[in-house]
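What the coordinates show
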Amino acid sequence: MVFTMVQQLGVLTMIDLVWPPPLSGFFNLLPLVSFDISGLAVDCVGKLTPLTLFAARVLVIVGLFAVLMLIHAFVALVLDRGNLRFRATTLWASIGTVTMALLLSIVSGVVAPLQCRQHPNGHFTMRSDDAVVCWDDEFGSDHQGMVIVSVIACLFPTAFIAMATLAVLRLPQKVRDGEANFLHFYFFLFSRFRLTCHWYVLVFAARNFLVAVVPVLPGIAMQLCAMMLLMLVSLILVVFLMPWRFDEANALDVLSNASLLFIFLIGAMFVEDLDSHSLGLFALAVIVVVLMGYVIMLGASMYRRFLRKGKAFQFFSCHHKDGTGNLTRLLKLHLVENKQVHRKVFVDSDDLRDLSILFTYIQSETETLVVLCSRHILQRPWCVGEITTAFLNQVKLVRFALPDFAPPDDGAIAAYQQNESMLALAEHGMTIGMIQDALRWFDTTPQLSMPAAITNKCMVQLVNTLVRNADSGQISEGEFRLKH
């Protein structure tokens, strides 16, 4: 991540900003540590044309991966007795890791022929080589050839992102199928991100790709605005999703995005000859996007409130993790596979992002609350809070009673008056009186009694009974009966 930030700072050297010392000296050092291929002295072997020089620099990238393959072949021949396939996964992981680390520098280098700046005489020249005139055959065909090489070279990072996209799309099914080899093969893509945010690798790669392409845009002001927009979007996504596997990585990503955004803001102060018309159009576009966001959010809220048929979660699993964690997972698998379940099934480990809005999900987004009644279910404040929320908001509730569950009697309900653990629900607007009323109501709700030995056939029958009665709206007081 630190290397990525250094490469992003290196992009600043490709924007025609006049930085004062000591910043100018710092930015002059960046190409040395950011793998800037435009700085590779491949012309030391002799005088080369700009086209040949650019092609040679691009071939350095190919050479890097060729070296990785040679090292792989050497290790396989010496240590694995010629078994090249044995280390194929290691080779692929090495290539993928290097590509992910250097993607920004690779793309930035291969699009150099597209980075042109205008001179007072109206001609454009390449920013990295003022001797090459852009888009004008009267001054030679070098630039045209360089553009062709650039387009061909861009196929590599584009293909890499396409491969990553395909891997992201296939990952959920591969995990369900238990294909560990797939995870090993694409370890370099998914190892740094949480499983629920495995797709963030595409955001990470796309951001680096776009940052490298930004210097192609016309005008310094437009380039800086695009950079700041990319950093702002990236910052918002990281803060909202926290996609990295470790908290330290999330904090570092937030810090790097915020720092880069601030640096680009400072850079805007050194821009001369601003194109006020382009900046005005850009600012207007931002305002329009913000207003459209308000309209879309308002429309989505109105749709959820008045037009949507049914709530987001057809079923919500209320359970005590220590007692029924595995059973909850099995129940969700069967519910999702049931053809009559067309909406989502809520399990907190899958769907809960913010504990403070747990009860809101039940209040406004849940059709039926399914309580897996284990021995200690009513001793857990959050479980009792979920039941109380369902009671207060008239949400349908079904009990799955395990053999060790005993419904609370009047004495047990009265004892909640001295249960200090339930005081945590007060901040959510639930008094002890509400909780006691909810528990009395809880004992009258429909119940499915589960056997001690739960078989697959039993689960299928149980789920079918639940879905059939919940879908038909026939949930009422009493007990569903399983056919044996």
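Structural data are supplied above this passage.
Let us look at the structure shown here.

Procedures and definitions
Residues numbered from 1 in each chain as written. Predicted model: local features only at pLDDT ≥ 70, side-chain atom pairs only at ≥ 80, totals over all residues. Heavy atoms only, no water. Disulfide = S-S within 2.5 Å. Buried < 20%, exposed > 50% of the residue type's maximum accessible area, 1.4 Å probe, protein only. Helix = DSSP H or I, 4+ residues; strand = E, 2+ residues; numbered from the N terminus. Arc of directions from axis to C-beta. Axes fitted to C-alpha atoms, helices over the stretch in contact; angles between N-to-C directions. Parallel < 35°, antiparallel > 145°, perpendicular 65-115°, else oblique. Left-handed = near helix turned anticlockwise from the far one by under 90°. Contact = heavy atoms within 4.5 Å. Nonpolar A, V, L, I, M, F, W, Y, C, P; charged D, E, K, R; others polar. Pairing = 2+ DSSP bridges. Patch = residues over 30% accessible without salt bridge, like charges linked within 9 Å, V, L, I, M, F, W, Y side chains within 5 Å. Areas by Shrake-Rupley, 256 points an atom, 1.4 Å probe, with all protein chains shown as cover. Salt bridge = Lys/Arg side-chain N within 4 Å of Asp/Glu carboxyl O. Core = buried A, V, L, I, M, F, W, Y, C linked by side-chain atoms within 4.5 Å.

Bringing the state of the cysteines into the picture now. Summed over the entire model, instances satisfying the criterion amount to one disulfide. Residue cysteine 318 stays outside any disulfide, its sulfur separated by 4.3 Å from that of cysteine 383, the closest cysteine. Owing to a relative accessible area of 0%, cysteine 318 belongs among the buried residues under this scheme. Given the relative accessible area of 6%, cysteine 383 is considered buried.

As a further point, take helix α17 (residues 432–442). Of the residues making up α17, those classed as buried are Ile432, Ile435, Gln436, Ala438, Leu439 and Phe442. Along the long axis of α17, the arc covered by the buried residues comes to 160°, so they all point the same way.

Moving on: the packing of helix α4 (residues 88–110) against helix α5 (residues 142–176). One can describe the packing of α4 onto α5 by two numbers: an axis separation of 10 Å at closest approach and a directional angle of 135°. Here α5 runs oblique to α4, going by the angle between their axes. Of the two elements, α4 crosses α5, and the hand of that crossing is left-handed. Only Ser150, Ala153, Cys154, Phe156, Pro157, Phe160 and Met163 of α5 make contact with α4, whose side of the interface consists of Trp92, Gly96, Thr99, Met100, Leu103, Ile106, Val107 and Val110. Class assignment of the residues belonging to the contact of α4 with α5 gives a composition of twelve nonpolar, three polar and no charged.

Within strand β6 (residues 366–373), seven of the eight residues are buried, which leaves it mostly tucked inside the rest of the structure. Here five bridges tie strand β4 (residues 313–318) to β6, and the two strands are oriented parallel to one another. In the strand pairing of β6, phenylalanine 316 is matched with leucine 369. Where β6 lies against strand β7 (residues 396–401), six bridges are found, and the strand directions are parallel. Within the sheet, the bridge partner assigned to cysteine 373 lies in β7 and is alanine 401.

Right, let's get into a nonpolar patch on the surface. Together, Leu284, Val288, Met292, Ile296 and Met297 line one region of the surface with nonpolar side chains, adding up to about 490 Å² of accessible area. By the secondary structure assignment, leucine 284 is in helix α11 (residues 276–307). Leucine 284 gets classed as partly exposed once you look at its relative accessible area, which sits at 48%.

Formed by 42 residues in total, the largest nonpolar core has its most connected members in Leu12, Leu17, Val110, Val211, Leu224, Met231 and Phe264. Elements with a minimum of two residues in this core: α1 (2–12), α3 (50–79), α4, α5, α8 (200–213), α9 (220–241) and α10 (247–268). Take this core: its biggest share by element is eight residues, from α4. Beyond its immediate chain neighbours, meaning those up to four positions away, leucine 224 contacts Ile15, Leu17, Phe264, Gly267, Ala268 and Val271. Judged by nonpolar contacts, the second largest core, of 31 residues, contains Cys373, Tyr416, Leu425 and Leu439.

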